[in-house]
Amino acid sequence: MLTRIISTAVLLGAASIAFATPQIQHWQAPSGARVYFVENHDLPMLDVAVNFPAGSGFDVAGKVGVSHLTFGMLDLGSQDLSEDDIARKLADVGAQMGGQFDADRAGLSLRTLSSAAEREAALDILARCLQQPLFPEPVLAREKARLIASLKEAETQPESISDKAFAKAVFGVHPYGWRTEVADVEKIQRAELESFYRAHYGAKHAVVALMGDVTRAEAEAIAQRLTAGLPEGGADAGIPAVLIRISPSEERIAHPASQSHILIGTPGVARNDEDYFPLYVGNYILGGGGFVSRLMNEVREKRGMAYSVYSYFMPMQQPGAFQIGLQTKKEQADESLKVVRQTLRTFVDKGVTEKELRAAKQNIIGGFPLRIDSNRKIIEYLGVIGFYKLPLTYLDDFTAKVDKVTSKQIKDAFKRRIDPDALATVIVGAPEEKTGASK
Amino acid sequence: MRIHLVVIALLLQISFVAQAEVYEKTLGNGLKVIVKEDHRAPVLVQQIWYRAGSMDERTGTTGVAHVLEHMMFKGTKDVPVGEFSRIIAAAGGRENAFTSYDYTAYFQQLHKSKLPLAMKLESDRMHNLLMSEKEFGKEVRVVMEERRWRTEDDPRSLMFEKLMATAYQEHPYHNPIIGWMADLENMTASDALDWYKTWYAPNNATLVIAGDVKAKEVFALAQKYYGGIPRVKLPQRKAAGESAQLGIKRITVKAPAELPYLVMAWQAPTLRDAEKDWKPYALEVLAGVLDGNSSARLNKALVREQQVAMDVGTGYDSVARGPGLFLLEGTPREGKTVGDVEQALREQLALLVRDGVSAEELQRVKSQVLAGEVYKRDSVFYQAMQIGQLESTGLSHKAEPVMLQKLQAVTAQQVQDVAREIFNDDRLTVATLDPQPLSDKPKHNPGAAHAH
């Protein structure tokens, strides 16, 4: 295995630990696709992922859902292969096809044995799904019906009701705030999938990640083969800018559930932002650090009010959401909300202690090897590094960047990003007597 | 057929490797230590598996196995409340625990240098747990919130709870792992302490360490940290069973939802003797034939061709301490009913019982199983899980390569025979989710200003 050993003497009070980070090879395929590869022969298997800027953020108003259906139908029929052929042929060689879809990215991934016969058969299917999807009319009709039914189901469940209301409250009319509506799906035509595919699945915007048991020469051939027949693609439309400052809001939605589902937040931080590391480390202390965060301590450990309470920043092309979430029985929803808001306010006003910062760094830096201990995890990093054009040394630099974060930077970054008086709050299954009332 | 040869070669290689890398030793106090060396990354996982799950509980204190799991993070004399998690976090670790019908397990994932620390902490709480009334009072409320979240407000999970309580009338799989709400409300710190004193003992546990370690060093450390914990006299376990069912059972669960949902569950055997049994292997293959990929029988027929269902699924687990169930589930498509889905599922089963499975289908499932054996080696955690599960359900980790070979040896005739035996209405429980409108349709009140 080709690895570079970097020594990080950053563990405060601990002996220095050497972490081997995978060596990332990067090139551009003749097709124009950007390729990211880690060669590793420990296991006789190969992971591949091909991603495009084709997530839901690229939908247009009134036709939300086109991006998702386009993605969902890539493996449901291609030139010379029916949807059943695709599934059967993959299963015959023990390959597993999956995909990624979010507001920025869409794409397919494949896990296959690296032995030549199996690998070839599996890559052939992947190539055809990516390059020659047919979006067959009858399959589209069926998939639309399935999607509509699942949307109707989602409209009855507190988790999805709150997610939808929260996205709208945080992002307003920005595409990050859109959720697919039944009425939109009903209107979607095959030609729209076709044209979305042609515009957004172009070779020059494709990002290919490969991890595992092939040589560099083989990886080059695979990357080219997977992208050579892609459409030309349109110009990179990009995602429109997110409005960072929002007006405070509180929406209470009735639901017969026994618990209130509470979400609080605001637009947070973009993937390439300088504030990312201070916010990431700070959030570990606030609500990201499992059993040891402040939110967990205040809400669960001290008061027994919730099973789960968390906060996170979702770094995207544009600033994704900063979100706090919890579920608690209706009768104590307002009290919990008060505790959460007070915890956040104190955090933003006073920042973190040096002791907390030290503990956070110990966990994040000391736990770094766990982030890259499998092919699965490494290929996920390759996809993110490639898609967001992060430095190839992202993994090498990770622990040093965390170590450099100061308590002043955390306080400063939170102050600028999170205004406790300008947050969106959504409560689904709100306490009955207060439903509909503003507080 | 070339693919066939390839997979058989792979099979031999896998079983050789699997055996070569696992080491075991039992300490003087009865603690079984199993080590799986995997040197791909400088990390390790420690898992301690107690052979006590919700199936060992008694009427009135259901859920106590899981409540105790929560209390295990609440401190000992040397490691006060909250410290366990803080110390593991400061060591760069991730940790958690899980309770099942059959066992309760705790784990930490860490850099390879941290094993002594993890062992020190885990061995301490094996015999030194403090049970404070105050901490118990808070934590049992957390568990009630967990129950509301996982079960009460989740229509399908609620239906599954009722299904289990109907399919199992004698065996304790009747009760939910998280416990009935009334039992949680009535539970006391002394219930949890009794549970701890009864079952938390080295002679009722398996310690699994997997990752970048050397077995010899692990055994020495295990002796140092766990070796001094005294053995406990375990109560005699009384094997519960489930009599043969005497006719079909049907239940309906009403809950707020949009879509109806159907689950059919047949009484099915689980593995008792990895060498001699054949039905559980045939059932695993049967599940793959029905639902192993999106062109497998059920999805192809019900979702793609007849379009009677939105989605379908199959569930069967051959590894369990108690009697098993073979499950089929389906969600009707708009305009169709659960009755339509049930009928369509029954037609597929009838076809299978009448005509059997093709050689191609059989081989496809086996290829997937073998590839899965390679893929699973990408996760140290999962490899340790599999060892812990086998040990905690009365099989041995040594059954693993045997099971793999037995699965490869399943014949089309066996699949057909086991289908004929299992898919009998006298073994069947059918549960239906009857979706109810939200009593109060969501009222939107956007933009209400909030001020402190």
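Thresholds applied
- Residues numbered from 1 in each chain as written.
- Chains lettered and ligands numbered in written order.
- Predicted model: local features only at pLDDT ≥ 70, side-chain atom pairs only at ≥ 80, totals over all residues.
- Heavy atoms only, no water.
- Helix = DSSP H or I, 4+ residues; strand = E, 2+ residues; numbered from the N terminus.
- Rg over C-alpha atoms; globule rule 2.2 N^0.38 Å.
- Buried < 20%, exposed > 50% of the residue type's maximum accessible area, 1.4 Å probe, protein only.
- Lys, Arg positive; Asp, Glu negative; His and termini not counted.
- Charge placed at Lys NZ, Arg CZ, Asp CG, Glu CD.
- Contact = heavy atoms within 4.5 Å.
- Buried area = accessible area lost by both parts, 1.4 Å probe.
- Salt bridge = Lys/Arg side-chain N within 4 Å of Asp/Glu carboxyl O.
- Polar contact = N/O pair within 3.5 Å; in protein donor to acceptor, adjacent residues only side chain to side chain.
- Nonpolar A, V, L, I, M, F, W, Y, C, P; charged D, E, K, R; others polar.
- Pairing = 2+ DSSP bridges.
- Axes fitted to C-alpha atoms, helices over the stretch in contact; angles between N-to-C directions.
- Domains from an automatic or database assignment.
- Core = buried A, V, L, I, M, F, W, Y, C linked by side-chain atoms within 4.5 Å.

Peer 1: For this particular structure, what's the right way to read the overall build of chain B?
Peer 2: Secondary structure summary: chain B contains 16 helices and 11 strands in total. Here the C-alpha radius of gyration of chain B, 24 Å, is about what a compact globule of 452 residues would show, namely 22 Å. Summarising its shape, the C-alpha atoms of chain B cover approximately 65 × 65 × 50 Å along the three principal directions. Counting over 452 residues, chain B shows a buried share of 59%. Computed over 55 positive and 57 negative side-chain charges, the separation of the two mean positions in chain B equals 4 Å.

Peer 1: Teacher, can you tell me more about the interface of chain A and chain B here?
Peer 2: Frequently, the measure chosen for interface size is the accessible area that the parts lose on association. Residue-level contacts link 82 residues of chain A with 72 residues of chain B. Between chain A and chain B, the buried area comes to about 6900 Å², and carbon and sulfur atoms account for 56% of it. The interface formed by chain A and chain B holds eight salt bridges in total. Two residues, Glu-334 of chain B and Lys-152 of chain A, come together in a salt bridge whose shortest N-O distance is 2.7 Å. If you look at where chain A meets chain B, you find 31 residue pairs in polar contact (both at pLDDT 80 or more). It is helix α4 (residues 137-154) of chain A that provides the largest number of residues to the side of chain A that touches chain B, a total of seven residues. Each residue belonging to the side of chain A that touches chain B can be placed in one class, and the counts come to 29 nonpolar, 24 polar and 29 charged.

Peer 1: How do you make sense of the sheet that holds strand β7 (residues 249-256) of chain B when you look at a structure like this?
Peer 2: Two strands in a sheet stick together by hydrogen bonds in their backbones, pointing the same way (parallel) or opposite ways (antiparallel). All names here are of chain B. Taken in spatial order, the five strands of this open sheet run β7-β11-β8-β10-β9, and their pairing is mixed. What marks the edges here is a single partner per strand, and that holds for β7 and β9 (309-315). If you compare each strand with its neighbour and ignore which way they point, the axes differ by 15 degrees on average. Direction of pairing for strand β8 (residues 261-268) relative to strand β11 (residues 428-436): antiparallel, over a ladder of six bridges. Among the inter-strand pairings, Met-264 is bridged to a residue of β11, identified as Val-430.

Peer 1: What is the right way to look at the domain arrangement of chain B in this model?
Peer 2: All names here are of chain B. Taken domain by domain, chain B comprises domain 1 (21-226) and domain 2 (249-438). Look at where the C-alpha atoms of domain 1 and domain 2 centre, and you get two points 28 Å apart. The interface of domain 1 with domain 2 comprises 39 residues on the first partner and 40 residues on the second. Overall, the association of domain 1 and domain 2 removes approximately 3400 Å² of surface from exposure, summing both partners, and the carbon and sulfur fraction of that is 66%. The three residues of domain 1 that bury the most area against domain 2 are Arg-156, Met-159 and Leu-163, which together make up 20% of that side's buried surface. The tally of links from domain 1 across to domain 2 stands at 13 residue pairs in polar contact (both at pLDDT 80 or more). Where the side of domain 1 that touches domain 2 is concerned, the elements lending two or more residues are β1 (22-26), β2 (32-37), β3 (43-50), β5 (104-111), α6 (155-167) and β6 (205-211). When residues in the side of domain 1 that touches domain 2 are grouped by element, the largest group, 10 residues, is from α6. Taken together, the residues of the side of domain 1 that touches domain 2 break down into 20 nonpolar, eight polar and 11 charged.

Peer 1: Looking at this structure, how should I read the domain arrangement of chain A?
Peer 2: Residues and elements named next belong to chain A. Its domain assignment divides chain A into domain 1 (31-227) and domain 2 (249-438). Once you take the C-alpha centre of each, domain 1 and domain 2 turn out to be 28 Å apart. With 33 residues of domain 1 in contact, the opposing surface of domain 2 contributes 34 residues. Between domain 1 and domain 2 the total buried area reaches about 2700 Å² when both faces are included, carbon and sulfur atoms providing 73% of it. When the buried area of domain 1 at its contact with domain 2 is split by residue, Tyr-36, Arg-105 and Phe-166 rank highest and sum to 22% of it. Inspection of the domain 1/domain 2 interface yields zero salt bridges. Where domain 1 touches domain 2, the interface holds five residue pairs in polar contact (both at pLDDT 80 or more). Only β4 (34-39), β5 (45-52), α5 (158-171) and β8 (207-212) provide two or more residues apiece to the side of domain 1 that touches domain 2. Here the side of domain 1 that touches domain 2 takes 10 residues from α5, the largest share from any one element.

Peer 1: Got a minute to help me understand the sheet that holds β6 of chain B in this structure?
Peer 2: All names here are of chain B. Pairing within the open sheet is mixed, and its six strands lie in the order β1-β2-β6-β3-β5-β4. Lying at the two open borders of the sheet, with one neighbouring strand each, are β1 and β4 (94-99). Between one strand and the next, the sheet's axes are offset by a mean angle of 15 degrees, whatever the strand orientation. Strand direction decides the pairing type here: β1 and β2, joined by five bridges, are antiparallel. Following the sheet pairing, Tyr-23 is matched in β2 by Val-35. Along the sheet face, helix α3 (residues 83-90) touches β4 and β5 and points at about 135 degrees away from the line of β4. Against the sheet, helix α9 (residues 215-226) makes contact with β1, β2, β3 and β6, and its axis sits at roughly 150 degrees relative to β2, the strand it touches most.

Peer 1: Help me out: how do you make sense of the nonpolar core in this one?
Peer 2: The nonpolar side chains of a soluble globular protein tend to be buried, and buried together. Counting residues in hydrophobic clusters, the biggest one holds 135 residues, and the most contacted among them are Tyr-201, Leu-210, Leu-226, Tyr-394 and Phe-414 of chain A. Both domains that meet at this core, namely domain 1 (31-227) and domain 2 (249-438) of chain A, each give it at least three residues. Contact partners of Leu-210 of chain A, with chain neighbours within four places excluded, come to Val-35, Tyr-36, Phe-37, Val-38, Asp-47, Val-48, Ala-219, Ile-222, Ala-223, Ile-379 and Leu-382 of chain A. By size, the runner-up hydrophobic cluster in this structure holds 54 residues, among which are Leu-110, Met-126, Met-131 and Trp-199 of chain B.

Peer 1: I'm lost on the pattern of salt bridges in this one. Help?
Peer 2: Opposite charge on two side chains permits pairing when their charged atoms draw close. For the structure shown, the criterion picks out 67 salt bridges over all chains. Notably, a salt bridge pairs Asp-84 of chain A with Arg-304 of chain B, separated by 2.7 Å at the nearest N-O pair. With one member in each of two chains, Asp-84 of chain A in helix α2 (residues 83-92) and Arg-304 of chain B in helix α11 (residues 297-305) form a pair that bridges those chains. According to the relative accessible area criterion, Asp-84 of chain A is buried, its value standing at 11%. Between Glu-181 of chain A and Lys-164 of chain A there is a salt bridge, and its shortest N-O distance comes to 3.2 Å. In this pair, Glu-181 of chain A is assigned in the loop between α5 and α6 (182-187) and Lys-164 of chain A in helix α5, connecting sequence segments 17 residues apart. Taking the relative accessible area as the measure of exposure, Glu-181 of chain A reaches 32% and is therefore partly exposed. With a relative accessible area of 27%, Lys-164 of chain A lands in the partly exposed category. It is possible to trace a salt-bridge network through shared partners that takes in Glu-83, Asp-84, Arg-142, Glu-143 and Arg-146 of chain A together with Lys-300, Arg-304 and Glu-305 of chain B.

Peer 1: It is not clear to me how the pairing of β3 of chain B should be interpreted in this structure. Could you clarify?
Peer 2: Here is the key point about a regular strand: its side chains alternate between the two faces of the sheet. All names here are of chain B. Taking burial as the measure, the eight residues of β3 include eight buried ones, the bulk of the element. By the alternation rule, side chains of β3 split into Val-43, Val-45, Gln-47 and Trp-49 and Leu-44, Gln-46, Ile-48 and Tyr-50, which are all buried. Of the pairings in the sheet, the one linking β3 to β5 comprises eight bridges and is antiparallel in character. When the sheet's bridge partners are listed, Gln-46 is paired in β5 with Gln-108. Two elements, β3 and β6, share seven bridges in a ladder whose sense is antiparallel. When the bridges of β6 are listed, Gln-47 appears paired with Val-208.

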